[in-house]
Every structure is written in structure tokens, then in C-alpha cells.
2 protein chains.
Amino acid sequence: MVVTVAGIGLIGGSMALALKDKGFATELIGVDLNEEHTKKALELGLVDKIATLEEAVAQSDLIILAVPVSAVLQLLPKVLNLVNDKQVIMDVGSTKLGVVELAAAHPRKGRVVATHPMWGTEFSGPEAAVRNAFAGKATVICNKEQCDADAFELVEQLYHLLGMRLLYMNAEDHDVHVAYISHISHITSFALANTVLEKEKEEDAIFELASGGFESTVRLAKSNAQMWVPIFKQNRDNVLDVLNEHIAQLRKFKACLEKENYEYLQELIENANKIRKVLNRP
Amino acid sequence: MVVTVAGIGLIGGSMALALKDKGFATELIGVDLNEEHTKKALELGLVDKIATLEEAVAQSDLIILAVPVSAVLQLLPKVLNLVNDKQVIMDVGSTKLGVVELAAAHPRKGRVVATHPMWGTEFSGPEAAVRNAFAGKATVICNKEQCDADAFELVEQLYHLLGMRLLYMNAEDHDVHVAYISHISHITSFALANTVLEKEKEEDAIFELASGGFESTVRLAKSNAQMWVPIFKQNRDNVLDVLNEHIAQLRKFKACLEKENYEYLQELIENANKIRKVLNRP
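Everything quoted here is computed from the prediction, not taken from an experiment.

A. Representation of the side chain of S223 of chain A within the structure. Residue placement: S223 of chain A occurs in the loop between α9 (212–218) and α10 (225–234). Looking at S223 of chain A, its side chain comes within polar contact range of the main-chain oxygen of L220 of chain A, at 2.6 Å. Sequence-distant contacts of S223 of chain A, that is, excluding residues within four places in its chain, are made with E122, H186, F190 and W228 of chain A together with I269 and N273 of chain B.

Structure below.
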């Protein structure tokens, strides 16, 4: 099967590698506006050739949109206008409501499968692509009732082949969930980095001391703005809800310290410890 | 050399293992009020025998205080009253000003070396002890001018043997630094866990989706309240300063979203990305 990957960065590049390794894609065509990325993607063997969007779609059975979520909304109508009723379009962005709504308004809507494989790192670009990246992780397929049966089945088959656990939900629920388990983690990490960097102006020695705990909470702060600004923009209402809740939770810690209420501080920490049961789930 | 470890948990247990492995301790005596811990420590071979504080100090060349920082302040005067001018007391707690001030008021103050090895995990108790835990990490020695030369040299030798990088600073500076690079990470992680757990009451599916990014930012939320409440209490003023700064940083993200100022949001993220230069330092 000929597969186009539009956007050959962290996710698109890793997806390309996986589809080639598993024999799902016999030919892989890369589409990317960034010339350095296309050059690098060829060099790294992520794709077999580079083409324009139009050329690539004309030759492909499956078109995967792996661009930032703002670009997905620009690309999707173009690709929908180019495909026939055998070709399949799959997106892999971190927000889903915009995609399914946009697709729903198009006569070829059944060809679009809106998905979100729950894997990523804090790095970006084709060099960030990782072999066997998705195995064992969850992937979400949204509003499957909107998809043509054959399109949906192809995408299911693809994710099964990658070794992913499939979850089905509507796009609205998906966007709420990811605000809680992904988007807010990034905001806290960005804000934590800024908190420390603000202080660094005075105190260089801090960095001598940074240990494992700091690295793990601040790791996501290395994440790419081109990817994340559009995610926060598209999921603005949910992210604001969670951010308000998070600030309220932080204020409880602040109040405990201000009032020297260490019994309540202990309760807050013991409540937080319940996250163990979540992280230790199979 | 006979070494007593008071508090045979994560740090004390790991320290005991390391000192035995490196041949620094020929005999290791464990002191712990928690009987389950002493039983477990013997079972795991972390220490050679268990004794009361008085018995243990009487037989030891070096006494390591690895109890929660509140207990350090209770134990230290007792141990100071028990030691002669050849024995050395070393503490390994996460806050240092209280320790050096307390020691300074005692005639045997020169026997105390206040240190903070910058290693830990989110687990606790003797079962959490890790072999070869400290190698390659930094350790801080505070107010070394307060120590007798022989006591200081013994502790330096110990940390060199563990393969740690030694840093020297005064206790006041130390406590500011750790508020930024360790204590605030724990608070953000606890608060993030509570944010998500608050929501879980409504939405169980969130947990199906938790991926690597979430796990890494929330990992520290598993940390033990018995250890962390005393740390926050002793470092209250510094932690409050940092927490205020952190909430202010989060409010900037909130304001960007509320006002849909995505240019500034991008700036905030790009500024946070500068943390790369810190994390990538050798």
C-alpha cells in the first residue's frame, strides 16, 4: 500500500518508520513544507520520496496528516477535495473536535479517521523519529460512526499492527481528557522551567544541583512551541478549566504554608499519593 | 570503621549499602524507631545489627542521620551529647539551615558535618534502598568552616568514595536553591496529581490515556508525606517565595489563553525551552 505522511517530524517520522518496518507501507511518500525536514527525512530513510501534496495524494491509498493541529485544519479540506471514495485520510493530532467537525461538513467525510496515538517525546523534527515508538501505548479513534466502514477498518488494522491498544470516544470527551492528562502537564512544566529560569538570573549555582526529580518534572518544558501553541489554542476552553483547577490546587498548598496548617498539608500530599493506583495500572 | 545509620529508609538504606559495598564501613549498625523497618533492614542485609541510639553511638566512628528533617533536629542534640571529640556526625537531610544553627549552639559543633546528597526517588522505606545510588550525582556540604578538619575530611572521603561531585555552600543559600530545584517540583507534582484526581470522580477514562509525559510530571506525587511535610515546614519561607513565583508564571499562561494572545504564549514556551541548556549540562 502506498502511504503519504504529511509532516515528517517526531510523530510522522516515527509513524513512517513503523509502517515500513511492519510491511504495511510498500511505498512511503513524504510531504513537508520545510525543506530541511524533507532533506533530513530522505537522508534518514524515513520516506522513499518527497512530493507535493497533490502529487502525493494522487498516488496514495492512505494519507496520514501528522502536522501541527493548526495545519491539520488547513490541510484536511484540501486533501478531502483531492481524494476519491477509496482513499483514506487519517490524522494523528492531539486535539480532535476541530477535525471531526471540519470533516463532517464535507461530502467525503466518511474517508477521514480522526485518531490520536498517545505517544510522544519532548523532541521534534525528523531527527526525533523513533523506531517502534507506538507499541504498547493507547491510541484513540474519535467519532467512528462518522467514518466509512472500510476506512475505519484500515486504520484499526494499522494501529493493531503497531501494537497499540485502541480506545474509542467522541472528540469532545477526548479533548477534555487530554487537557487533564497531557496538556496541563506541559503547561506546568513550561511554567516550572520559567520559574527556575527567572531565578537563574541571580543564582547560577542552581544548575549544579538539578537532580532526577527536577529533570522529570521539567522534561516536557523542552517541547516545541510550533506544536503546542496550536494545541492550546484549539483546546483553549478545556485547558483553561484545568489550569484554573490546577492553580486552585496550588493555592491550597500555599495556604497550608502561610497558615502553617501542616495537618492539611499532609492530607493534600496523601491524597496526591493516590495517583500511584493510576500509574501502576496495567 | 563502624558506622551507625539512624533512619534506614530510602536514603539511609541506600547509603548503608554503598558504604558496605565500598568497604568504608566494616560494621553497620541500624537505628530506627519503626520495628517493621528494622526487621526489613536486617532481612535485606542493609545493616549488620540493630541497636538503640545510645548503644549504637557508643560503638561507632561515624553516625549518619538519615531520618526526616524534623527528626534530625530532635536527634542531633541527643547525639551531640553522646559523642566524644573523635566521633563524627553527618546528616543527609534536604534542608540545612536548621541543622547548622542547631549544631552551632553546641560545644561539640565541630563534630557535625551537614550534607545533602542530591539523589532520591519517589519511594520510601528500607525496600526502597538502591545499590550504587549516589554515583555521579552532586552532594552539598554546608558551612564547612564550622566543622573540625578531621570530621570534614572523613565526610569528603566518604562522598568521594561514593563517586559524588562535592559542592560547598552556606546553608542559607542551599535552602534557597533546593526550594527552586527540588521542593517546588514536588509541590507542582502533588498539585497536578490532585488536579487530575479531582476530575477522576467524573471521568474514569482519563487513566486509560495517561502516557509518558503525564507519568514523568506526576511521578514525584508518589513521594512520602512523612518525609516532605517536615521539609516544606523547615523551608517554608523559601518554598512560599518559589510557589508565589510559580503561580505567577502559571497565571501568565492563563492570561495568554484568556486574552487569546498566542504570540506571547509562544514567547513563554520558547523561554521555557531554554531549560534545555540546563538539563544538557554535563
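B. Just the state of the cysteines, in detail. All names here are of chain A. Across all of its chains, the model carries 0 disulfides over all chains by this definition. Free of any disulfide, C142 has its nearest cysteine sulfur in C147, 9.5 Å distant. C147 gets classed as buried once you look at its relative accessible area, which sits at 11%.

C. Representation of the interface of chain B and chain A in the model. Contacts between the two partners involve 87 residues from chain B and, on the opposite side, 87 residues from chain A. Here chain B meets chain A over a buried area of about 8,400 Å², counting both sides, of which 69% is carbon and sulfur. Ranking the residues of chain B by area buried against chain A places I181, L209 and L279 of chain B at the top, with a combined share of 8%. Our enumeration of links across chain B and chain A arrives at 0 salt bridges. Seen at the junction of chain B and chain A, the total is 25 residue pairs in polar contact (both at pLDDT 80 or more). Counting residues per element, the side of chain B that touches chain A draws most heavily on helix α7 (residues 171–200) of chain B, at 20 residues. Grouping the amino acids of the side of chain B that touches chain A by side-chain chemistry returns 45 nonpolar, 20 polar and 22 charged.

D. Representation of the packing of helix α11 (residues 236–258) of chain A against helix α12 (residues 262–273) of chain A in the model. All names here are of chain A. α12 packs onto α11 with a crossing angle of 155° between their chain directions and a minimal axis gap of 8 Å. It follows from the interaxial angle that α11 and α12 lie roughly antiparallel. In this structure, α11 crosses over α12, and the sense of that crossing is left-handed. Contacts from K252, F253, C256 and L257 of α11 reach α12 at Y262, Y264, L265, L268 and I269. When the residues that make up the contact of α11 with α12 are grouped by side-chain class, the tally is 8 nonpolar, no polar and 1 charged.

E. Structural context of the pattern of salt bridges. Residues and elements named next belong to chain A. In this structure the tally under the stated criterion is 22 salt bridges over all chains. Between D91 and K96 there is a salt bridge; the shortest N-O distance is 2.9 Å. Given the relative accessible area of 2%, D91 is considered buried. Judged by its relative accessible area of 0%, K96 falls in the buried class. Two residues, D237 and R236, come together in a salt bridge whose shortest N-O distance is 3.4 Å.

F. Local environment of the packing of α12 of chain A against helix α10 (residues 225–234) of chain B. Following both chains from N to C, one finds α12 of chain A and α10 of chain B inclined at 135°, their axes separated by 10 Å at the closest point. Here α12 of chain A lies oblique to α10 of chain B, going by the angle between them. In the packing of α12 of chain A onto α10 of chain B, the handedness of the crossing is right-handed. Residues Y262, L265, Q266, I269, E270 and N273 of chain A of α12 of chain A form the contact with α10 of chain B, whose participating residues are A225, Q226, W228, V229, F232 and K233 of chain B.

G. Structural view of the domain arrangement of chain A. Residues and elements named next belong to chain A. Entries for chain A in the domain assignment read domain 1 (2–169) and domain 2 (174–279). Listed per partner, the contact involves 16 residues of domain 1 and 17 residues of domain 2. Between domain 1 and domain 2, a total of about 1,400 Å² is buried, with carbon and sulfur atoms accounting for 63% of that surface. Counting the surface domain 1 buries against domain 2, the share from its top three residues, S94, T95 and E122, is 41%. At the boundary of domain 1 with domain 2, the tally comes to 2 salt bridges. For E122, the salt bridge identified is with R219, shortest N-O distance 2.7 Å. Linking domain 1 to domain 2 there are 7 residue pairs in polar contact (both at pLDDT 80 or more). Taken together, the elements giving at least two residues each to the side of domain 1 that touches domain 2 come down to α4 (69–82) and β7 (138–142). Of all the elements, α4 adds the most residues to the side of domain 1 that touches domain 2, at 3 residues.

H. Representation of the sheet that holds strand β1 (residues 2–6) of chain B within the structure. Residue and element names in this part refer to chain B. Taken together, 8 strands build an open sheet; the order of strands is β3-β2-β1-β4-β5-β6-β7-β8 and the sheet is mixed. Single-partner strands in this sheet number two, and they are β3 (49–50) and β8 (165–169). One ladder, built from 4 bridges, connects strand β6 (residues 112–117) with strand β7 (residues 138–142); its direction is antiparallel. Directly across from A114, in β7, lies its bridge partner C142. Of the strands in this sheet, β1, β2 (27–31), β4 (62–65), β5 (88–91) and β6 touch helix α1 (residues 10–21), which is tilted by about 165° from β1.

I. Structural view of the relation of the copies chain B and chain A. With an RMSD of 0.0 Å, chain B superimposes on chain A once it is rotated by 180° and translated 0.0 Å along the axis. Expressed as a symmetry operation, the mapping of one chain copy onto the other fits a two-fold axis. When C-alpha distances to the rotation axis are compared across chain B, the minimum falls at T217 of chain B, with a value of 2.1 Å. Taken as a fraction of all interface residues of chain B, those also at the interface in chain A reach 100%, which identifies the copy contact as same-surface.

J. How the structure looks around the packing of aromatic side chains. Per the stated rule, a full pass over the model turns up 10 aromatic pairs over all chains. On the numbers, 6.0 Å between centres and 55° between planes, the contact of F152 of chain A with Y168 of chain A is tilted. A residue pair is termed long-range when its members are at least 10 positions apart, and F152 of chain A in helix α6 (residues 149–161) and Y168 of chain A in strand β8 (residues 165–169) qualify at 16 residues. For F152 of chain A, a relative accessible area of 12% corresponds to the buried category. Counting every residue linked through ring pairs, the aromatic cluster contains F190, W228 and F232 of chain A together with F253 of chain B. The positively charged end of K144 of chain A is found above the aromatic ring belonging to Y168 of chain A, 4.4 Å away from the centroid.

What counts and what doesn't
- Residues numbered from 1 in each chain as written.
- Chains lettered and ligands numbered in written order.
- Predicted model: local features only at pLDDT ≥ 70, side-chain atom pairs only at ≥ 80, totals over all residues.
- Heavy atoms only, no water.
- Helix = DSSP H or I, 4+ residues; strand = E, 2+ residues; numbered from the N terminus.
- Polar contact = N/O pair within 3.5 Å; in protein donor to acceptor, adjacent residues only side chain to side chain.
- Contact = heavy atoms within 4.5 Å.
- Disulfide = S-S within 2.5 Å.
- Buried < 20%, exposed > 50% of the residue type's maximum accessible area, 1.4 Å probe, protein only.
- Buried area = accessible area lost by both parts, 1.4 Å probe.
- Salt bridge = Lys/Arg side-chain N within 4 Å of Asp/Glu carboxyl O.
- Nonpolar A, V, L, I, M, F, W, Y, C, P; charged D, E, K, R; others polar.
- Axes fitted to C-alpha atoms, helices over the stretch in contact; angles between N-to-C directions.
- Parallel < 35°, antiparallel > 145°, perpendicular 65-115°, else oblique.
- Left-handed = near helix turned anticlockwise from the far one by under 90°.
- Domains from an automatic or database assignment.
- Pairing = 2+ DSSP bridges.
- Least-squares fit on C-alpha atoms with pLDDT ≥ 70 in both.
- Phe/Tyr/Trp six-rings, centres within 6.5 Å; stacked < 30°, edge-to-face > 60°.
- Lys NZ or Arg CZ within 6 Å of the ring centre and 35° of its normal.

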